[in-house]
Amino acid sequence: MAAARLLDPINFKYLNHVAQPYPDFEILTEMQRVELEPTIARLAEVPIREVQVELSKFENTDWSPAMKRKALSMLSIQQPPGRAIIPIASINARKTFWSVTAANDFPVLAKAAVKLLSVHVSTAAAERNWSMWSLTYSNALRSRLGVETAKRDIYLKANVEEMDEKRDNIAPPQETLINILA
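The following refers to the structure shown. (Residues numbered from 1 in each chain as written. Predicted model: local features only at pLDDT ≥ 70, side-chain atom pairs only at ≥ 80, totals over all residues. Heavy atoms only, no water.)

1. Topic: the overall build of the protein
- Secondary structure summary: the protein contains nine helices and zero strands in total.
- Along the protein, helices and strands appear, N-terminal first, in the series α-α-α-α-α-α-α-α-α.
- A buried classification covers 29% of the 182 residues belonging to the protein.
- Pairs at least 24 apart in sequence give 55% of the contacts found in the protein among residues at least 6 apart.
- Of the roughly 12000 Å² of accessible surface on the protein, a fraction of 55% belongs to carbon and sulfur atoms. (Helix = DSSP H or I, 4+ residues; strand = E, 2+ residues; numbered from the N terminus. Buried < 20%, exposed > 50% of the residue type's maximum accessible area, 1.4 Å probe, protein only. Contact = heavy atoms within 4.5 Å. Areas by Shrake-Rupley, 256 points an atom, 1.4 Å probe, with all protein chains shown as cover.)

Here's what the structure looks like:
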């Protein structure tokens with residue numbers, strides 16, 4: 001997601017001849033650039049016009065001295081003897097950058113960035129789905145199963161298990177399952 005890439009402080013560019021890090025708008029494709037403002041507006045729950053004003057200010061690196069210092073400290077390069085290490089700031093430090101340091105300069109972007117940086121990234125749901133598809137088609141008897149029938153079967157398996165967990169193991173009536181499969 002372009003907004004996450006742009007607003008995560010560890011992705012800011014830092015060149016030695018520049019006095020501060022800056023957001024890398026150059027990496028965005030035209031399509032990502034078009035989707036950026038509505039995405040941030042949705043996340044921050046504000047009109048797009050407010051996002052446009054802040055993005056312009058952000059892109060022009062019109063930052064307070066405190067924000068510049070904090071961004072630099074997150075991107076500083078330490079060189080112990082023999083090798084260079086680039087420390088990656090923790091997710092909490094990156095959220096703090098936005099919620100504390102940058103919130104005064106960019107309240108709209110800060111709200112969106114904190115939401116983006118709070119998202120737990122996981123592929124578990126996709127892995128479970130692929131596993132169900134694999135189990136459905138690995139059985140020799142089901143190898144000729146139609147896609148629509150398989151979709152319904154997998155939908156039922158996934159949702160009945162979830163319903164069992166949520167309702168203290170009370171499964172839906174058998175009639176419901178038969179009606180859905182019909």
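2. Some remarks on the nonpolar core
- Counting 31 residues, the largest nonpolar core has Leu-7, Ile-40, Phe-58 and Trp-98 as the members making the most contacts within it.
- With seven residues, helix α6 (residues 107-117) is the single largest residue contributor to this core.
- Sequence-distant contacts of Ile-40, defined by excluding residues within four places in its chain, comprise Ala-3, Leu-7, Val-51, Leu-55, Val-108, Leu-109 and Ala-112. (Core = buried A, V, L, I, M, F, W, Y, C linked by side-chain atoms within 4.5 Å.)

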